[in-house]
Amino acid sequence: SCAGKQMAQYAVAESEGKVNAVVFNVPEIGTAAIEKDGFVSELARLSPTSTVKVVDAPLAQWSDGLPTLTSSVLQTDPTVNYLVPLYDSMVSLMKPQVYALGMESTVKVVTYNGTLEGLQSIQNKEVISGDVGGMNHWIGYAALDQILRILSGVGAVADEKVPHRLFNSSNIASIDITKDETTWYGDIDLGAEYAALWGVK
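Residues numbered from 1 in each chain as written. Predicted model: local features only at pLDDT ≥ 70, side-chain atom pairs only at ≥ 80, totals over all residues. Heavy atoms only, no water.

Draft legend 1. Region of the structure containing the overall build of the chain. Counting its secondary structure elements, the chain contains 7 helices and 6 strands. Ordering the α and β elements of the chain from the N terminus gives α-β-α-β-α-β-α-β-α-β-α-β-α. Projected onto its principal axes, the C-alpha positions of the chain cover 60 × 35 × 35 Å. When each of the 201 residues of the chain is scored for burial, the buried share is 43%. The contacts in the chain between residues at least 6 apart in sequence include a share of 73% that link residues at least 24 apart. Of the roughly 10,400 Å² that the chain leaves accessible, carbon and sulfur atoms contribute 55%. With 13 positive and 23 negative side-chain charges, the chain shows a separation of 6 Å between the mean positions of the two kinds. (Helix = DSSP H or I, 4+ residues; strand = E, 2+ residues; numbered from the N terminus. Buried < 20%, exposed > 50% of the residue type's maximum accessible area, 1.4 Å probe, protein only. Contact = heavy atoms within 4.5 Å. Areas by Shrake-Rupley, 256 points an atom, 1.4 Å probe, with all protein chains shown as cover. Lys, Arg positive; Asp, Glu negative; His and termini not counted. Charge placed at Lys NZ, Arg CZ, Asp CG, Glu CD.)

This is the structure in C-alpha cells:
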C-alpha cells in the first residue's frame, strides 16, 4: 500500500492538488488491490477535491486491451490528467495512445516498479512523470531475513524497512541507468549489512 500512497503523494504535490486520475488495476495480481487502495485512500486524504476512477486491466488482455482501454479512458474524459498503471511495464502499451490523441502535454503517468524501461521513459521525457521503485535485490535479502527468523524461532519482524525511491526528472540524471539497479538506490553494501545483522562473515 505504501507504493500506492507514494504515487498519490507525488501526483498531489506535482499538480498542486488538482488530480483527476485513472488507476489501471490488475485484478489477477493480489498485491495490486492493496496498491490501488493505497493510492485511492491517500489521494482522498491529501486532496479531497481531487478525483480518481479505477478501471480493470486484466493481465491476459494487456497486449490488445490496454491500448484500447487507454484511448477509451482519455476520450471519455479529456480532463483526466494522471494515468496510474500499477506497474510500469504497462506503460509501453499505453504511451502510443496518449501521443496518438495529442495529449502528451496534458496527461502524466505515475507508476510503480522502477524498471529500466520506466526510467528510460523518464530520461527521454516520454509520458512517465514519476516512477516509484523498490530494489529487488533488497527485497530478496529482506525475504531471506524473514525466513531465517522464522526457521530459527525468533519470529518475523513487522517491517523489514525496505525503502522505495521516487524517480523523476529532478533526479534521473543522478543515476546511471546502464548500471545494475542496485546502484540506483544509493551506496550500500547489502551483503555486508545483512551479514553483520546475522552475525556471519
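Draft legend 2. Just the sheet that holds strand β4 (residues 108-113), in detail. If you trace the 6 strands from one edge of the open sheet to the other, you get β2-β1-β3-β4-β5-β6, paired in mixed fashion. Because the sheet does not close on itself, it has two edges, and the strands there are β2 (51-56) and β6 (164-168). Across the sheet, the mean angle from the axis of one strand to that of its neighbour is 20°, orientation sign disregarded. In the sheet, strand β1 (residues 20-25) pairs with β2 via 6 bridges, with the strands oriented parallel. When the sheet's bridge partners are listed, A21 is paired in β2 with V52. (Pairing = 2+ DSSP bridges. Axes fitted to C-alpha atoms, helices over the stretch in contact; angles between N-to-C directions.)

Draft legend 3. Local environment of a nonpolar patch on the surface. Taken together, the side chains of L144, I147, L148 and L151 make up a nonpolar region of the molecular surface, amounting to roughly 380 Å² of accessible area. Positionally, L151 belongs in helix α6 (residues 136-151). In this structure L151 comes out as exposed when scored by relative accessible area, which is 71%. (Patch = residues over 30% accessible without salt bridge, like charges linked within 9 Å, V, L, I, M, F, W, Y side chains within 5 Å. Salt bridge = Lys/Arg side-chain N within 4 Å of Asp/Glu carboxyl O.)

Draft legend 4. Highlighting the layout of surface pockets. Taken as a whole, the largest pocket holds about 330 Å³ of empty space. Along the walls of the largest pocket sit 13 residues, with S1, C2, A3, Y112 and H164 positioned nearest its centre. Of all the secondary structure elements, the ones that give two or more residues to the lining of the largest pocket are α1 (2-15) and α2 (30-46). Here the lining of the largest pocket takes 3 residues from α2, the largest share from any one element. Residue composition of the lining of the largest pocket, grouped by class: 8 nonpolar, 4 polar and 1 charged. Approximately 160 Å³ is the volume attributed to the second largest pocket. In terms of lining, the second largest pocket is formed by E14, Y99, E104, I122, K125, E126, V127, I128, S129 and S169. By residue class, the composition of the lining of the second largest pocket is 4 nonpolar, 2 polar and 4 charged. (1 Å grid on protein atoms, 1.4 Å probe; cavity = no way out; pocket = protein on both sides within 12 Å on 5 of 7 lines; lining within 4 Å. Points joined across faces, edges and corners; volume = space filled by probe spheres on them. Nonpolar A, V, L, I, M, F, W, Y, C, P; charged D, E, K, R; others polar.)

Draft legend 5. Spotlight on helix α5 (residues 116-123). Those residues of α5 lying buried are G118, L119, S121 and I122. All buried residues of α5 project into a common sector of 155° when viewed along the axis, lining one side. Taken together, the buried residues of α5 touch α4 (91-100), β5 (128-134) and β6. (Arc of directions from axis to C-beta.)

Draft legend 6. Layout of the side chain of T70. On the secondary structure map, T70 appears in helix α3 (residues 62-76). A relative accessible area of 0% means that T70 is categorised as buried. With residues near it in sequence (within four places) discarded, T70 still touches F24, L83, M94, Q97 and V98.

Draft legend 7. Layout of the packing of aromatic side chains. Counted by the stated rule, this structure contains 5 aromatic pairs. Relative to Y185, the ring of F167 has its centre 5.6 Å away and its plane inclined at 85°; by these criteria the two rings are edge-to-face. Note that F167 is positioned in strand β6 and Y185 in the loop between β6 and α7 (190-198), a separation of 18 residues in sequence. Grouping residues by exposure puts F167 and Y185 together as buried. Each residue in the set Y141, Y194 and W198 is aromatic and connected to the rest through ring pairs, giving one cluster. (Phe/Tyr/Trp six-rings, centres within 6.5 Å; stacked < 30°, edge-to-face > 60°.)

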